[in-house]
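Observations on the three-dimensional arrangement
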Amino acid sequence: MRGMIERMLDPFDPDSFIVRAEVHILDIEPRISRTLELPMALNLAQLHEVLQAAFGWTDSHLHQFNIGGLIYGAPEFDEDNLFDSRIFEATEVRLIDIHFPYDPDEKPVTIIYEYDFGDYWRHLLQLERIPRQEGIKYPRCINAARSGPPEDVGGTSGYADFLDAWLDPSHDEHKAMRRWAGRKFQPELANLDAINKAIAKALRSSKGGYRFRNARPS
C-alpha cells in the first residue's frame, strides 16, 4: 500500500511528503524515545522547539544540531568565538533542504541534537521522507516511550543515580529526590496527548524561529 501511494505522488513535490523522525536520547536504556512527524517546511530552530516540547526540556541551556559535521543553532550565543566550530543560523535551514534518498529501502538520514553542554544530552534523529496524509496537522508525535529526565540531573550517569534514589524507598536520598523532581514526575510514563499539546504551544510561541528571541524586549 505504501509503495502504491508513493507512486501516485510527485517525488519532486515537497508538499506531497513529510519527515518522520525516530528520536531517542543516547546512552540511556531502556530508551527514552519519540516518533515525530514533521512538515518539510520546518526549520531547525522550529525543530529545536519541537524536540524541547516532546522531551519535556525547558530550553534552559544551549543546544546545537550536528549535521554531517556542520553545526547549526543560535550564533549569538558564540559572539566571542569560544566554540571550536562555526555555528550556522538554524532558521535558515529547513527539513526540505536535507537530501533524502528517493529509495525507501535506503538508510534514513541521521543527525545529532545536543542539549545542555554540561549534562550533555545527545539525541539521535533518524529521518525519513514519507507520504503526507490528508487531513493531518503536522508536526505531531505519534509514539513516545518514557518521560524525559529532569533538567540539571547530571547527564546520563546522574540520571542513573537519581533513578536509583527515586525508586528505592530505603535510599538515603529517596525523599529528597522525590521532592526535587516533583510529584508529577513518573520516569516510565509518556503522555502522548500532553506532548502534542506542548508541541503545538511551542510552535505557536516560536513564530517561525526561536521562542527566546520573541521574548526579548523590543
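Read on for a plain summary of the structure. Computed from a predicted structure; not experimentally measured. (Residues numbered from 1 in each chain as written. Predicted model: local features only at pLDDT ≥ 70, side-chain atom pairs only at ≥ 80, totals over all residues. Heavy atoms only, no water.)

Taking 1.5 Å as the rise per residue, helix α5 (residues 192-206) with 15 residues should run 21 Å; its terminal C-alpha atoms sit 21 Å apart, in good agreement. The set of residues buried in α5 consists of Ile195, Ile199, Ala202, Leu203 and Ser206. Projection of α5 onto a plane perpendicular to its axis shows the buried side chains occupying an angular sector of 95°, all on one side. Along α5, exposed side chains directed more than 90 degrees from the buried face belong to Lys197, Lys201 and Arg204. Buried-residue contacts for α5 involve β2 (33-39), α2 (44-55), β8 (140-145) and α6 (211-214). Its side-chain oxygen 3.1 Å from the backbone nitrogen of Asp193, Asn191 forms the N-cap of α5. One or two residues past the end of α5 sits Lys207, with phi positive at roughly 55°. (Helix = DSSP H or I, 4+ residues; strand = E, 2+ residues; numbered from the N terminus. Expected span 1.5 Å × (residues − 1). Buried < 20%, exposed > 50% of the residue type's maximum accessible area, 1.4 Å probe, protein only. Arc of directions from axis to C-beta. Contact = heavy atoms within 4.5 Å. Polar contact = N/O pair within 3.5 Å; in protein donor to acceptor, adjacent residues only side chain to side chain.)

Let us look at empty space enclosed by the protein. Tallying each qualifying case throughout the model produces 1 cavity of 30 Å³ or more. Considered as a void within the structure, the largest cavity measures approximately 60 Å³ in volume. If you go around the largest cavity, the residues you meet are Leu62, His63, Gln64, Ala74, Phe77, Phe83, Ile87 and Phe117. Of the residues in the lining of the largest cavity, the class split is 6 nonpolar, 2 polar and no charged. (1 Å grid on protein atoms, 1.4 Å probe; cavity = no way out; pocket = protein on both sides within 12 Å on 5 of 7 lines; lining within 4 Å. Points joined across faces, edges and corners; volume = space filled by probe spheres on them. Nonpolar A, V, L, I, M, F, W, Y, C, P; charged D, E, K, R; others polar.)

Scanning the model with the defined rule gives 8 salt bridges in all. Linking Arg213 and Glu76 is a salt bridge whose minimum nitrogen-to-oxygen distance equals 2.9 Å. Taken together, the residues Arg213 in helix α6 and Glu76 in the loop between β4 (70-73) and β5 (87-89) connect sequence positions 137 residues apart. Look at Glu76 and you get partly exposed, because its relative accessible area is 21%. (Salt bridge = Lys/Arg side-chain N within 4 Å of Asp/Glu carboxyl O.)

Let us now look at unusual backbone geometry. The omega torsion across Glu29 and Pro30 is -10°, close enough to zero to call that bond cis. A cis amide bond, omega 5°, links Tyr138 with the succeeding residue Pro139. Structurally, Pro139 can be placed in the loop between β7 (121-131) and β8. Located in the positive-phi region is Arg146, a residue other than glycine, with phi close to 70°. You can see Arg146 is positioned in the loop between β8 and α3 (155-167). Relative accessible area serves as the criterion here: at 7%, Arg146 is assigned to the buried category. In the Ramachandran plot, Lys207 falls in the positive-phi region, its phi being about 55° despite a non-glycine side chain. Under the relative-accessibility criterion, Lys207 is labelled exposed at 68%.

Glancing now at the sheet that holds β2. Paired through backbone hydrogen bonds, the strands of a sheet run either parallel or antiparallel to each other. Spatially, β5-β4-β3-β6-β7-β1-β2-β8 is the arrangement adopted by the 8 strands of the open sheet, whose pairing is mixed. Pairing within the sheet leaves two strands with one partner each, and these edge strands are β5 and β8. Strand-to-strand twist of the sheet, defined as the mean angle between neighbouring strand axes without regard to direction, takes the value 30°. For strand β1 (residues 17-25) and β7, the ladder comprises 9 bridges, and the chain directions are antiparallel. Considered in β7, the bridge of His24 is made with Leu124. (Pairing = 2+ DSSP bridges. Axes fitted to C-alpha atoms, helices over the stretch in contact; angles between N-to-C directions.)

Once rolled over the atoms, a probe with the size of a water molecule shows which space is left empty. Size it by volume and the largest pocket reaches roughly 440 Å³. Every residue lining the largest pocket is counted, 24 residues in all, and those nearest its centre are Phe55, Gly56, Ser147, Gly148 and Leu189. Of all the secondary-structure elements, those providing two or more residues to the lining of the largest pocket are α2 and α5. When its residues are assigned to classes, the lining of the largest pocket shows 12 nonpolar, 7 polar and 5 charged.

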